Amino acid sequence: MSTTPPAKPHLTGRCRHEPRCPSADAPDRDAARLASTHPEQGWSLLCNGVLHFEDTGELLPDGQIVAPHRGPAGDRAAAER
């Protein structure tokens, strides 16, 4: 009998969802399901291991930093009307 706890998918990169979440290196990586969310701290952990920040910046599992990629403020103001 094993006492090892089951691996957490977001730490092993093995998504158990159907359809599977996009990998951390996929262009649509933001579409992965939430594994953990901390809005009071401004970040969420996605199933694929990506840390997604409220400013739209990201930290990938391999340590790469993705700069925030929001549209210009003028575009957001127009979209809110």
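Conventions and cut-offs
- Residues numbered from 1 in each chain as written.
- Predicted model: local features only at pLDDT ≥ 70, side-chain atom pairs only at ≥ 80, totals over all residues.
- Heavy atoms only, no water.
- pLDDT = per-residue confidence, 0-100.
- Helix = DSSP H or I, 4+ residues; strand = E, 2+ residues; numbered from the N terminus.
- Core = buried A, V, L, I, M, F, W, Y, C linked by side-chain atoms within 4.5 Å.
- Buried < 20%, exposed > 50% of the residue type's maximum accessible area, 1.4 Å probe, protein only.
- Contact = heavy atoms within 4.5 Å.
- Disulfide = S-S within 2.5 Å.

## So, the confidence of the model for the protein
When pLDDT is averaged across the protein, the result is 80; 69% of the residues are at 70 or more. Confidence scores differ between elements of the protein, with helix α1 (residues 9–12) showing the lowest mean pLDDT of 49 and strand β4 (residues 58–59) the highest of 96.

## Focus: the nonpolar core
Listed in full, the nine residues of the largest apolar core are Cys15, Cys21, Ala24, Ala32, Leu46, Cys47, Val50, Leu60 and Val66. When residues no more than four places from it in sequence are discounted, the contact partners of Val50 are Ala24, Arg29, Ser44, Leu45, Glu58, Leu59, Leu60 and Pro61.

## Examining the state of the cysteines
Tallied over the full model, the rule gives zero disulfides. No disulfide involves Cys15; its sulfur sits 3.6 Å from the nearest other cysteine sulfur, which is in Cys21. For Cys15, a relative accessible area of 8% gives the class buried. Cys47 carries a free sulfur, and the closest cysteine sulfur to it, the one in Cys15, is 3.7 Å from it.

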